[in-house]
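A closer look at the structure
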Amino acid sequence: MSATPDEIGPMLIASLPTLRRFALSLSRQPDIADDLVQSACERALVNAASFTPGTRFDAWMFRIVRNLWIDRIRRTKTQAAAPIEEGEAVMGTDGEAVAISRLELSDTGRAILMLPEEQREVLTLVCVEGLSYAEAAAVIEAPIGTVMSRLARARTRLAAILEEKGIKVGDGRSASKGDRTR
């Protein structure tokens, strides 16, 4: 059994924020991410019959976005280098805690961008989008062991980068490293 464009339309609309977030993690440029999402939606509608109802729609769409990204890289032979847009403001009532949280969020975003693309991709799929290892493996078309090792390397490298910046990883608190003013 296959899906129709009318059946996947509402699912497409609901998945736009997560698709954009994933595309942004790949491209690191908001305009390119938007183009990837738009192209992925077009491709999904044209190829709606290839989606199997009952399977994860988001994983199917992540694969489409990823394949479009790979196609784009092959065409341009360059990688995007612009920074990811800032995360949403951290909520809180303590001004100092909010400021520190924003700094740490910004540091974390920059640290994620320092990861190699394959590690950043797996980290986004598993830790941000909530895909299982098997689902992420299907999206990137690699064995589960590859997903697990890339994720482990990404987490280790990310923790090391953040520790260098004085951000203690694990309990959510900042390790004071002198004055955090910038």
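Residues numbered from 1 in each chain as written. Predicted model: local features only at pLDDT ≥ 70, side-chain atom pairs only at ≥ 80, totals over all residues. Heavy atoms only, no water.

1. Description of helix α3 (residues 57-76)
- The terminal C-alpha atoms of α3, which comprises 20 residues, lie 29 Å apart, in line with the 28 Å expected from a rise of 1.5 Å per residue.
- For α3, the set of buried residues is Phe57, Asp58, Ala59, Trp60, Met61, Phe62, Ile64, Val65, Arg66, Leu68 and Trp69.
- Where α3 is buried, its residues meet α1 (5-27), α2 (30-46), α5 (117-128) and α6 (133-140). (Helix = DSSP H or I, 4+ residues; strand = E, 2+ residues; numbered from the N terminus. Expected span 1.5 Å × (residues − 1). Buried < 20%, exposed > 50% of the residue type's maximum accessible area, 1.4 Å probe, protein only. Contact = heavy atoms within 4.5 Å.)

2. Considering the pattern of salt bridges
- The tally for this structure, following the rule as stated, stands at six salt bridges.
- Across the salt bridge formed by Arg63 and Glu141, the nearest N and O atoms sit 3.9 Å from each other. Here the residue Arg63 occupies a position in helix α3, and Glu141 occupies one in the loop between α6 and α7 (144-164), the gap between them amounting to 78 residues.
- Bridged by salt links that share partners, the residues Arg56, Asp58 and Glu135 form one connected network. (Salt bridge = Lys/Arg side-chain N within 4 Å of Asp/Glu carboxyl O.)

3. Some points on α1
- Given a rise of 1.5 Å per residue, 23 residues ought to cover 33 Å, yet the end C-alpha atoms of α1 are separated by just 27 Å, more than 12% below that figure.
- Where α1 bends most, the angle comes to about 55°, and this point is Ser15, followed within four residues by the proline Pro17.
- Within α1, burial applies to Ile8, Gly9, Leu12, Ser15, Leu19, Phe22, Ala23, Leu24, Ser25, Leu26 and Ser27.
- Where the residues of α1 are buried, they touch α2, α3 and α5.
- One or two steps after α1, the chain reaches Arg28, where phi turns positive at roughly 65°. (Bend = angle between axes of the 7 residues up to and from the residue.)

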